[in-house]
Amino acid sequence: MVTCYVDEIAPDNWLTVRTEFSGELISIPYGLKLELTGTAAGREHFTILEGVNEGKRCSVAKKSGERSYLTANLIHKPAATVVFNRAAQSLTFGDRGPCNAFSGGGFADTDGSQYTPVPKGRYDLAIPAFPSKQTRSAYLKWTKFHKTWFRIGTDLSGSRFLHPGEISEGCVTVRQFLFNPADKKLPVPAGQFSDLPGLPGGATGIPVPQHQAPEPGGDIIYDYAPVIGWDTIYYYLILARASRQSVGSLTVK
(Lines give C-alpha, C1' and ligand atoms only; values in the text may rest on other atoms or scores of the structure.)
Protein backbone atom coordinates (compact mmCIF):
# COMPACT_ATOMS: atom_id res chain seq x y z
CA MET A 1 0.00 0.00 0.00
CA VAL A 2 1.38 3.41 -1.00
CA THR A 3 0.07 6.82 0.00
CA CYS A 4 -0.27 9.12 -2.98
CA TYR A 5 -2.16 12.21 -4.14
CA VAL A 6 -3.92 13.51 -7.23
CA ASP A 7 -1.29 15.34 -9.26
CA GLU A 8 -1.78 18.64 -11.12
CA ILE A 9 -3.82 17.99 -14.25
CA ALA A 10 -4.57 20.32 -17.17
CA PRO A 11 -6.67 22.32 -17.55
CA ASP A 12 -8.36 22.70 -14.14
CA ASN A 13 -6.83 20.16 -11.70
CA TRP A 14 -9.84 17.80 -11.61
CA LEU A 15 -9.33 14.08 -12.31
CA THR A 16 -12.17 11.87 -13.53
CA VAL A 17 -12.00 8.34 -12.07
CA ARG A 18 -14.25 5.27 -12.02
CA THR A 19 -15.62 3.76 -8.83
CA GLU A 20 -14.99 0.02 -8.65
CA PHE A 21 -18.37 -1.25 -7.43
CA SER A 22 -20.88 0.89 -9.31
CA GLY A 23 -18.74 1.99 -12.25
CA GLU A 24 -19.81 5.58 -11.60
CA LEU A 25 -17.56 8.35 -12.91
CA ILE A 26 -16.62 10.95 -10.31
CA SER A 27 -14.23 13.89 -10.30
CA ILE A 28 -11.64 14.31 -7.56
CA PRO A 29 -9.47 17.39 -6.93
CA TYR A 30 -5.76 18.06 -7.03
CA GLY A 31 -4.04 17.10 -3.78
CA LEU A 32 -6.66 14.58 -2.62
CA LYS A 33 -5.04 11.87 -0.49
CA LEU A 34 -5.31 8.28 -1.76
CA GLU A 35 -4.01 4.82 -0.95
CA LEU A 36 -2.65 3.10 -4.06
CA THR A 37 -3.58 -0.58 -3.92
CA GLY A 38 -2.27 -1.88 -7.23
CA THR A 39 -1.99 -1.62 -11.01
CA ALA A 40 -3.65 -3.92 -13.53
CA ALA A 41 -4.34 -3.70 -17.27
CA GLY A 42 -3.03 -0.16 -17.47
CA ARG A 43 -5.23 1.11 -14.63
CA GLU A 44 -4.18 2.27 -11.18
CA HIS A 45 -6.45 1.17 -8.33
CA PHE A 46 -6.77 3.15 -5.11
CA THR A 47 -8.92 3.99 -2.10
CA ILE A 48 -9.87 7.62 -1.42
CA LEU A 49 -8.75 8.60 2.09
CA GLU A 50 -10.49 11.96 2.58
CA GLY A 51 -13.23 14.26 1.36
CA VAL A 52 -16.83 13.46 0.47
CA ASN A 53 -15.80 10.24 -1.29
CA GLU A 54 -13.69 8.92 1.59
CA GLY A 55 -13.55 5.12 1.58
CA LYS A 56 -14.50 4.66 -2.08
CA ARG A 57 -12.36 2.31 -4.14
CA CYS A 58 -11.65 3.67 -7.61
CA SER A 59 -9.38 3.30 -10.60
CA VAL A 60 -8.02 5.47 -13.39
CA ALA A 61 -6.23 4.62 -16.63
CA LYS A 62 -2.62 5.67 -16.88
CA LYS A 63 -1.53 8.36 -19.31
CA SER A 64 0.24 7.38 -22.51
CA GLY A 65 3.74 6.10 -21.87
CA GLU A 66 2.68 4.55 -18.56
CA ARG A 67 2.76 7.93 -16.85
CA SER A 68 0.54 8.40 -13.82
CA TYR A 69 -2.03 11.00 -12.84
CA LEU A 70 -1.03 10.31 -9.23
CA THR A 71 2.04 11.38 -7.30
CA ALA A 72 3.75 10.60 -4.01
CA ASN A 73 5.59 13.93 -4.07
CA LEU A 74 3.09 16.16 -2.31
CA ILE A 75 2.89 17.34 1.27
CA HIS A 76 -0.30 18.70 2.84
CA LYS A 77 0.11 22.06 4.52
CA PRO A 78 -1.29 23.14 7.92
CA ALA A 79 -4.90 24.28 8.17
CA ALA A 80 -5.75 27.41 6.19
CA THR A 81 -7.23 30.53 7.79
CA VAL A 82 -9.54 32.81 5.83
CA VAL A 83 -11.19 35.94 7.24
CA PHE A 84 -14.04 37.73 5.46
CA ASN A 85 -15.19 41.20 6.52
CA ARG A 86 -18.74 41.72 5.25
CA ALA A 87 -18.88 45.48 5.81
CA ALA A 88 -15.50 46.19 4.23
CA GLN A 89 -16.10 43.64 1.42
CA SER A 90 -12.61 42.29 1.92
CA LEU A 91 -11.05 38.88 2.39
CA THR A 92 -7.67 37.86 3.80
CA PHE A 93 -6.11 34.40 3.70
CA GLY A 94 -3.08 33.42 5.76
CA ASP A 95 -0.92 36.54 5.71
CA ARG A 96 -2.16 37.65 2.28
CA GLY A 97 -4.73 40.23 1.27
CA PRO A 98 -7.01 41.96 1.49
CA CYS A 99 -8.75 41.12 -1.77
CA ASN A 100 -12.26 42.11 -2.78
CA ALA A 101 -15.10 39.78 -1.81
CA PHE A 102 -18.76 40.08 -0.87
CA SER A 103 -21.80 38.12 0.24
CA GLY A 104 -24.97 39.08 -1.60
CA GLY A 105 -28.45 38.94 -0.18
CA GLY A 106 -31.64 40.76 0.50
CA PHE A 107 -33.35 39.66 -2.70
CA ALA A 108 -35.51 36.78 -3.85
CA ASP A 109 -34.97 34.34 -6.69
CA THR A 110 -37.68 33.65 -9.27
CA ASP A 111 -38.83 30.68 -7.18
CA GLY A 112 -39.30 32.89 -4.11
CA SER A 113 -36.13 31.75 -2.34
CA GLN A 114 -34.73 34.52 -0.16
CA TYR A 115 -31.00 35.08 -0.25
CA THR A 116 -29.21 36.46 2.78
CA PRO A 117 -25.52 37.28 3.36
CA VAL A 118 -23.55 34.53 5.04
CA PRO A 119 -24.02 34.99 8.82
CA LYS A 120 -21.13 36.08 11.00
CA GLY A 121 -19.25 33.27 12.70
CA ARG A 122 -16.57 30.65 12.21
CA TYR A 123 -16.98 27.82 9.69
CA ASP A 124 -15.05 24.87 8.36
CA LEU A 125 -14.05 25.08 4.70
CA ALA A 126 -14.60 21.71 3.06
CA ILE A 127 -12.26 19.91 0.68
CA PRO A 128 -13.81 20.54 -2.77
CA ALA A 129 -16.29 17.80 -3.63
CA PHE A 130 -16.94 18.26 -7.37
CA PRO A 131 -16.41 20.79 -10.19
CA SER A 132 -19.08 23.45 -9.84
CA LYS A 133 -21.61 23.88 -12.65
CA GLN A 134 -22.80 27.22 -11.22
CA THR A 135 -20.16 29.24 -13.02
CA ARG A 136 -19.44 30.46 -16.53
CA SER A 137 -16.63 29.80 -18.99
CA ALA A 138 -15.96 33.54 -19.35
CA TYR A 139 -14.23 33.44 -15.96
CA LEU A 140 -11.38 31.59 -17.69
CA LYS A 141 -10.08 35.06 -18.56
CA TRP A 142 -9.22 35.47 -14.87
CA THR A 143 -8.77 31.94 -13.52
CA LYS A 144 -8.58 28.37 -14.83
CA PHE A 145 -9.82 27.17 -11.42
CA HIS A 146 -13.23 28.87 -11.55
CA LYS A 147 -14.97 25.48 -11.13
CA THR A 148 -13.31 24.78 -7.77
CA TRP A 149 -15.56 25.99 -4.94
CA PHE A 150 -14.97 25.41 -1.21
CA ARG A 151 -18.17 24.59 0.69
CA ILE A 152 -18.72 26.70 3.81
CA GLY A 153 -19.26 23.96 6.41
CA THR A 154 -18.80 20.24 5.85
CA ASP A 155 -22.52 19.42 5.86
CA LEU A 156 -23.25 18.19 2.32
CA SER A 157 -26.69 19.83 2.40
CA GLY A 158 -25.06 23.25 2.74
CA SER A 159 -25.45 25.57 -0.24
CA ARG A 160 -22.99 28.34 0.67
CA PHE A 161 -19.50 28.32 -0.83
CA LEU A 162 -16.32 30.37 -1.02
CA HIS A 163 -15.88 30.84 -4.76
CA PRO A 164 -14.83 33.24 -7.54
CA GLY A 165 -17.41 35.22 -9.47
CA GLU A 166 -19.52 38.37 -9.69
CA ILE A 167 -22.91 37.15 -8.44
CA SER A 168 -23.69 35.99 -4.91
CA GLU A 169 -26.71 34.09 -3.68
CA GLY A 170 -25.54 34.18 -0.08
CA CYS A 171 -22.07 32.73 -0.68
CA VAL A 172 -18.71 34.44 -0.09
CA THR A 173 -17.78 35.53 -3.60
CA VAL A 174 -14.28 36.68 -4.55
CA ARG A 175 -14.67 39.22 -7.34
CA GLN A 176 -12.88 38.62 -10.61
CA PHE A 177 -13.24 42.28 -11.51
CA LEU A 178 -14.92 45.35 -10.01
CA PHE A 179 -18.12 46.28 -11.80
CA ASN A 180 -19.41 49.85 -11.53
CA PRO A 181 -23.17 49.78 -12.27
CA ALA A 182 -23.21 53.58 -12.59
CA ASP A 183 -21.25 53.63 -15.85
CA LYS A 184 -22.41 50.23 -17.12
CA LYS A 185 -18.89 49.24 -18.10
CA LEU A 186 -18.39 45.53 -18.53
CA PRO A 187 -15.16 43.59 -18.99
CA VAL A 188 -14.36 41.56 -22.06
CA PRO A 189 -15.34 39.07 -23.37
CA ALA A 190 -18.19 41.29 -24.48
CA GLY A 191 -21.67 39.95 -23.89
CA GLN A 192 -20.63 37.36 -21.33
CA PHE A 193 -21.66 39.61 -18.44
CA SER A 194 -24.58 41.50 -19.95
CA ASP A 195 -26.79 40.31 -17.07
CA LEU A 196 -24.89 42.24 -14.40
CA PRO A 197 -26.37 45.75 -14.90
CA GLY A 198 -29.90 44.50 -14.33
CA LEU A 199 -29.23 42.46 -11.20
CA PRO A 200 -30.53 43.59 -7.80
CA GLY A 201 -27.97 45.41 -5.68
CA GLY A 202 -27.48 42.61 -3.21
CA ALA A 203 -26.42 40.22 -5.93
CA THR A 204 -23.49 42.33 -7.08
CA GLY A 205 -22.40 43.56 -3.69
CA ILE A 206 -23.40 47.17 -4.25
CA PRO A 207 -22.12 49.63 -3.10
CA VAL A 208 -19.12 48.81 -5.21
CA PRO A 209 -15.98 49.32 -3.11
CA GLN A 210 -13.72 52.13 -4.20
CA HIS A 211 -10.38 50.62 -5.12
CA GLN A 212 -8.48 53.77 -6.03
CA ALA A 213 -9.06 57.18 -4.45
CA PRO A 214 -10.21 59.92 -6.86
CA GLU A 215 -8.44 63.20 -7.39
CA PRO A 216 -9.99 66.04 -5.33
CA GLY A 217 -13.27 66.90 -7.01
CA GLY A 218 -12.74 64.22 -9.61
CA ASP A 219 -14.63 61.09 -10.53
CA ILE A 220 -14.26 57.84 -8.66
CA ILE A 221 -11.82 55.53 -10.42
CA TYR A 222 -12.56 51.84 -10.42
CA ASP A 223 -10.07 49.06 -11.05
CA TYR A 224 -11.50 46.37 -13.31
CA ALA A 225 -8.93 43.75 -12.35
CA PRO A 226 -8.64 42.09 -8.92
CA VAL A 227 -5.63 42.84 -6.73
CA ILE A 228 -5.31 39.15 -5.87
CA GLY A 229 -6.74 36.60 -8.28
CA TRP A 230 -8.54 33.37 -7.46
CA ASP A 231 -5.55 31.24 -8.55
CA THR A 232 -3.53 32.55 -5.59
CA ILE A 233 -6.34 31.77 -3.13
CA TYR A 234 -6.92 28.38 -4.76
CA TYR A 235 -3.29 27.30 -4.34
CA TYR A 236 -3.29 28.50 -0.72
CA LEU A 237 -6.36 26.39 0.10
CA ILE A 238 -6.21 23.28 -2.08
CA LEU A 239 -3.33 21.53 -0.27
CA ALA A 240 -4.15 22.82 3.23
CA ARG A 241 -5.73 20.39 5.71
CA ALA A 242 -7.46 20.78 9.06
CA SER A 243 -9.01 17.28 8.96
CA ARG A 244 -9.99 14.57 6.49
CA GLN A 245 -12.93 16.75 5.44
CA SER A 246 -11.67 20.31 5.80
CA VAL A 247 -8.92 22.51 4.38
CA GLY A 248 -9.21 25.05 7.21
CA SER A 249 -11.56 27.70 8.57
CA LEU A 250 -13.47 30.75 7.41
CA THR A 251 -14.25 33.51 9.89
CA VAL A 252 -16.98 35.96 8.86
CA LYS A 253 -16.93 39.32 10.68
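All values reported here derive from a predicted model rather than from experimental measurement. (Residues numbered from 1 in each chain as written. Predicted model: local features only at pLDDT ≥ 70, side-chain atom pairs only at ≥ 80, totals over all residues. Heavy atoms only, no water.)

## Comments concerning the packing of aromatic side chains
Defined as follows: Here a pair means two rings of Phe, Tyr or Trp (six-membered ring of Trp) with centres within 6.5 Å. Their orientation is stacked below 30 degrees between planes, edge-to-face above 60, and tilted elsewhere. A ring has a charge above it when a Lys NZ or an Arg CZ is no more than 6 Å from the ring centre and no more than 35 degrees off the ring normal.
In this structure the tally under the stated criterion is 8 aromatic pairs. In this structure an aromatic cluster arises from ring pairing among Tyr 139, Trp 142 and Phe 193. The ring of Trp 142 has Lys 141 lying over it, and the distance from NZ or CZ to the ring centre is 5.7 Å.

## Concerning the environment of Ile 75
Put simply, the rule is: The helix and strand labels rest on DSSP assignments: H or I over at least four residues marks a helix, E over at least two residues marks a strand, and numbering proceeds from the N terminus.
Mapped onto the secondary structure, Ile 75 falls in the loop between strand S7 (70-71) and strand S8 (80-85). The spacing of Ile 75 and Lys 33 is 42 residues in sequence and 9.8 Å in space, taken between C-alpha atoms.

## Some words on the sheet that holds strand S14 (residues 150-151)
Two orientations exist for strands paired in a sheet by backbone hydrogen bonds: parallel and antiparallel. Our working definition: Each pair of strands is called paired provided DSSP finds at least two bridges between the two strands.
Reading across from one edge, S13-S17-S8-S9-S10-S16-S15-S14 is the order of the 8 strands in this open sheet, with mixed pairing throughout. Two strands close off the open sheet at either side, each with one partner strand: strand S13 (121-126) and S14.

## Focus on the sheet that holds strand S6 (residues 57-61)
The strand order across the open sheet built from 7 strands is S3-S2-S6-S5-S4-S1-S7, with neighbouring strands paired in antiparallel fashion. On the outer flanks of this sheet lie strand S3 (25-29) and S7, each paired with one strand and no other. Here 2 bridges tie strand S2 (residues 14-19) to S6, and the two strands are oriented antiparallel to one another. In the strand pairing of S6, Thr 19 is matched with Cys 58.

## Some thoughts on the pattern of salt bridges
Note the threshold: Just to be clear on terms, a salt bridge is a Lys or Arg side-chain nitrogen sitting within 4 Å of an Asp or Glu carboxyl oxygen. For every residue, the accessible area (1.4 Å probe, protein chains only) is compared with the maximum for its type, and the residue is labelled buried under 20%, exposed over 50%, or partly exposed between those bounds.
Counted under the stated rule, the structure contains 4 salt bridges. Across the pair Glu 66 and Lys 62 runs a salt bridge, and its minimum N-O distance is 3.5 Å. By relative accessible area, Glu 66 is classed as exposed at 53%.

## Some details on the pairing of strand S1 (residues 2-6)
Each regular strand displays side chains that alternate between the two surfaces of the sheet. In this structure, S1 lies alongside strand S4 (residues 33-40), joined through 4 bridges in antiparallel fashion. Paired with Thr 3 across the strands is Glu 35, a residue of S4. In this structure, S1 lies alongside S7, joined through 2 bridges in antiparallel fashion. Opposite Tyr 5, over in S7, you have Thr 71 as the bridge partner.

## Some thoughts on unusual backbone geometry
A cis geometry characterises the amide bond from Ala 10 onward to Pro 11, with omega recorded as 0°. Following the sequence through the fold, Pro 11 ends up in the loop between S1 and S2. The omega torsion across Gly 97 and Pro 98 is 5°, close enough to zero to call that bond cis. Here Pro 98 shows up in strand S10 (residues 96-102). For Asn 13, which is not a glycine, the phi torsion comes out positive at approximately 65°. Positionally, Asn 13 belongs in the loop between S1 and S2. Overall, the relative accessible area of 4% leaves Asn 13 in the buried class. The phi angle at Gln 89 is positive, at roughly 50°, despite the residue not being glycine. Tracing the backbone shows Gln 89 in the loop between S8 and strand S9 (90-93).

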